Amino acid sequence: MTAAGKATPSPVVLVTRPREGIVTATLNRPHRANALTEEVFEALGALCAELSGDPARVLVLKGAGETFCSGYDVGEIGRVAALPPLELTTLLERQAAVIAGLRELPQTVVAAVDGVAVGAGLSLALAADVRVLTARARLQAVFVRMGLSGGDMGASWLLPRVAGLGFASEMLLTGRSVTAEEARERGLANRVCAIQDLMPIVMDTAERIAGNSPVSLRLTKQILQSNTDAPTLRAALEREIPVQVVAAASPDVQEAVTAFRERRPPHFAARPDGTKERRA
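Residues numbered from 1 in each chain as written. Predicted model: local features only at pLDDT ≥ 70, side-chain atom pairs only at ≥ 80, totals over all residues. Heavy atoms only, no water.

A. View of the confidence of the model for the protein. Overall, the prediction assigns the protein a mean pLDDT of 91, with 92% of residues at 70 or greater. Of the regions scoring below 50 in pLDDT, residues 1–5 engages in 13 contacts with residues more than four places distant in sequence or in other chains. In this model residues 274–280 is a low-confidence stretch, pLDDT under 50, and it forms 16 contacts with partners more than four residues away in sequence or in other chains. (pLDDT = per-residue confidence, 0-100. Contact = heavy atoms within 4.5 Å.)

B. Highlighting the nonpolar core. Counting 56 residues, the largest nonpolar core has Val13, Leu59, Val113, Leu124, Leu139 and Leu188 as its most contacted members. Per-element accounting of this core gives the leading share, seven residues, to helix H1 (residues 38–51). Look past the residues within four positions of Val13 in its chain and what remains in contact with it is Ala25, Thr26, Leu27, Asn28, Val40, Ala43 and Leu44. Membership of the second largest hydrophobic core comes to 16 residues, among which are Val58, Val132, Ala206 and Leu217. (Core = buried A, V, L, I, M, F, W, Y, C linked by side-chain atoms within 4.5 Å. Buried < 20%, exposed > 50% of the residue type's maximum accessible area, 1.4 Å probe, protein only. Helix = DSSP H or I, 4+ residues; strand = E, 2+ residues; numbered from the N terminus.)

C. Fine view of the side chain of Ser123. Within the secondary structure, Ser123 sits in helix H4 (residues 120–126). The class of Ser123 is buried, set by a relative accessible area of 0%. Setting aside anything within four residues of it in sequence, one finds Ser123 in contact with Ile99, Phe143, Asp152, Met153, Ala155 and Leu158.

D. Spatial organisation of the packing of aromatic side chains. The tally for this structure, following the rule as stated, stands at one aromatic pair. Centre to centre, the rings of Phe41 and Tyr72 are 6.2 Å apart; their planes meet at 25°, and the pair counts as stacked. Of this pair, Phe41 sits in helix H1 while Tyr72 sits in the loop between strand E3 (58–63) and helix H2 (74–81), placing them 31 residues apart in sequence. For the pair Phe41 and Tyr72, one class covers both residues: buried. (Phe/Tyr/Trp six-rings, centres within 6.5 Å; stacked < 30°, edge-to-face > 60°.)

E. Examining helix H9 (residues 214–227) more closely. Here H9 contains 14 residues, and its C-alpha end-to-end distance of 20 Å stays within 8% of the 20 Å for a straight helix at 1.5 Å per residue. The complete set of buried residues in H9 reads Pro214, Val215, Leu217, Leu219, Lys221, Ile223 and Asn227. In this structure, the buried residues of H9 make contact with helix H3 (85–104), strand E4 (108–113), helix H8 (198–210), helix H10 (233–248) and helix H11 (251–262). (Expected span 1.5 Å × (residues − 1).)

Here it is, written out as structure tokens:
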């Protein structure tokens, strides 16, 4: 991104700021159903690094054309699989860091999924905090059908936590395609909508999120992820208390109270570090 806050487009990942507090990243290889390559992973990694210190509150992740992401480019799989073990390990570590980077972003990540989200493309969608699917969307963990382990790109960690161990086992071991409606029933989709409604719904969701306190958003995302693996309720409660103490110190709390009393929308301006938010 430039110093003025404008995103510098990448040929394979287009980054824009359509509204205040919202960044969109579009996988831009529609001629290959937005299949992933090393160049795409590099661009996504650079975006994660840039957003880590950015005041934006929401990242919308979507695909160009009529699909989200068809997974790792089939034309590259043979070459990559033939790499010496050490080189392959290094490559996979770089790519895995992108999934971790998306998951760890301070921004809320909303995935707009049309068409297919397959293999590593499914992992990208699972790394999001919120997923909106079109009725024609299809999700598939295709790894075993390619002779690969289903433990790829975080799928073995993300999928059980989103959809449960039993359903995750079925998806990873059969490699079958899951419809949008089944995805909604299993918790893989927050909403399912008509194709023409996808981006209006996603942007409405993004705006609703971005309208909240940036301190609250960041701390809520952190505690949700932390307490997903809390061993007990009491452990989760103990983690929540110091986080709430930090949130309470934010000027956004007083602004929210004042706005409620004055019957107006709050104007949140605090950043998680306590400084005022800069405008893009």
